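# Fold and contact review
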Amino acid sequence: DAKTTQPNSMESNEEEPVHLPCNHSTISGTDYIHWYRQLPSQGPEYVIHGLTSNVNNRMASLAIAEDRKSSTLILHRATLRDAAVYYCMHTGRRALTFGSGTRLQVQP
Amino acid sequence: GAVVSQHPSRVICKSGTSVKIECRSLDFQATTMFWYRQFPKQSLMLMATSNEGSKATYEQGVEKDKFLINHASLTLSTLTVTSAHPEDSSFYICSARGGLAGIADTQYFGPGTRLTVL
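Residues numbered from 1 in each chain as written. Chains lettered and ligands numbered in written order. Predicted model: local features only at pLDDT ≥ 70, side-chain atom pairs only at ≥ 80, totals over all residues. Heavy atoms only, no water.

### Considering the overall build of chain B
What chain B contains, in helices and strands, is 0 helices and 11 strands. Sequence-ordered secondary structure for chain B, helices as α and strands as β, is β-β-β-β-β-β-β-β-β-β-β. Radius of gyration (C-alpha) of chain B: 14 Å, near the 13 Å computed for a compact globule of 118 residues. When its C-alpha atoms are laid out on the principal axes, chain B stretches across 45 × 25 × 25 Å. Counting only residues that meet the buried cut, chain B has 49% of its 118 residues in that class. Across chain B, the fraction of contacts at a sequence separation of at least 24, relative to all contacts at a separation of at least 6, is 55%. (Helix = DSSP H or I, 4+ residues; strand = E, 2+ residues; numbered from the N terminus. Rg over C-alpha atoms; globule rule 2.2 N^0.38 Å. Buried < 20%, exposed > 50% of the residue type's maximum accessible area, 1.4 Å probe, protein only. Contact = heavy atoms within 4.5 Å.)

### Overview of the sheet that holds strand 7 (residues 67-73) of chain B
Residues and elements named next belong to chain B. An order of 1-3-8-7 is seen for the 4 strands of this open sheet, with the pairing classed as antiparallel. Single-partner strands in this sheet number two, and they are strand 1 (4-7) and strand 7. Going across the sheet, the axis of each strand differs from the next one's by a mean of 15 degrees, ignoring polarity. Across 4 bridges, the pairing between strand 1 and strand 3 (residues 19-25) is antiparallel. Each bridged residue has a counterpart across the sheet, and for Gln 6 the counterpart in strand 3 is Cys 23. (Pairing = 2+ DSSP bridges. Axes fitted to C-alpha atoms, helices over the stretch in contact; angles between N-to-C directions.)

### Things to note about the environment of B:Gly98
Residue and element names in this part refer to chain B. By the element assignment, Gly 98 lies in the loop between strand 9 (90-97) and strand 10 (108-109). The exposure class assigned to Gly 98 is buried, which follows from its relative accessible area of 18%. For Gly 98 and Gln 29, which are 69 residues apart along the polypeptide, the C-alpha to C-alpha distance reads 5.7 Å. Gly 98 has contacts with Phe 28, Gln 29, Ala 30, Thr 31 and Asp 105, leaving out every residue within four places of it along the chain.

### Re the pattern of salt bridges
Residues and elements named next belong to chain A. Under the counting rule described, the total for this entry stands at 6 salt bridges over all chains. Between Arg 77 and Glu 15 there is a salt bridge, and its shortest N-O distance comes to 2.1 Å. Placement of Arg 77 in the loop between strand 7 (70-75) and strand 8 (84-91) and of Glu 15 in the loop between strand 1 (9-13) and strand 2 (18-23) is noted, with a sequence separation of 62 residues between them. In this structure Glu 15 comes out as partly exposed when scored by relative accessible area, which is 42%. In this structure, Asp 31 and Arg 94 form a salt bridge, with 3.3 Å as the shortest nitrogen-oxygen distance. On the criterion of sequence distance, the pair formed by Asp 31 in the loop between strand 2 and strand 3 (32-38) and Arg 94 in the loop between strand 8 and strand 9 (102-107) is long-range, its members being 63 residues apart. Accessibility expressed as a relative area gives 2% for Asp 31, which makes it buried. The exposure class assigned to Arg 94 is partly exposed, which follows from its relative accessible area of 45%. (Salt bridge = Lys/Arg side-chain N within 4 Å of Asp/Glu carboxyl O.)

### Some words on the interface of chain A and chain B
Counting from both sides, the interface comprises 20 residues of chain A and, opposite them, 20 residues of chain B. For the pair chain A and chain B, the summed buried surface comes to about 1600 Å²; carbon and sulfur atoms form 55% of the total. Taken as a group, A:Arg93, A:Ala95 and A:Phe98 account for 33% of the area that chain A buries against chain B, more than any other trio of residues on that side. Going through the elements one at a time, strand 3 and strand 4 (45-50) of chain A are the ones with two or more residues in the side of chain A that touches chain B. Considering each element in turn, the side of chain A that touches chain B owes the most residues, 4 residues, to strand 3 of chain A. Tallied by class, residues from the side of chain A that touches chain B come to 8 nonpolar, 10 polar and 2 charged. (Buried area = accessible area lost by both parts, 1.4 Å probe. Nonpolar A, V, L, I, M, F, W, Y, C, P; charged D, E, K, R; others polar.)

Structural measurements only, silent on function.
What follows is the structure, encoded as structure tokens:
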């Protein structure tokens, strides 16, 4: 299994940046790093993915360590709608394997 | 972005009956579809992977005769829970992936189906 390690929970204040860490020490050279988030009673929502270089999109930024054994999802200005469970995964063509993720709470 | 729909969004059935859940990719062709199950306060567990026109590959511990998967077209996969029992009550989520964008193909998830077996 493609195992990742994330903190169980994190808290942030609204309008502040949030850095969600993930360790993926068993990642292979061809695996992409994927981040999804899930709100209660909904399917997971794609956030961002990358291979080696840092990536930016309208939702977030992904910073990937040079050795690729860790990455950080950056939400630049957290909003209440960003409160969710965030999952970090790595895979090539295999199905995504979900760990327990990080529950992000955002305080007003 | 790519949209995946599921129907129904919730279903309640009696023990012993069968329930069919549909998963559709609305704006792309999904060469591969996945079915996951999520129990309360737990993470998603992969049940099976299906490629269009092929038999599904089931994860260890998932009974293929109980969870029938059909992926007859590039936009539709169905999961049938046969002879459902209360322990099958769960949140079932499908995911679809296109086959043309290379190794980093993104999986897009449906909104999920809440199954309650009485």
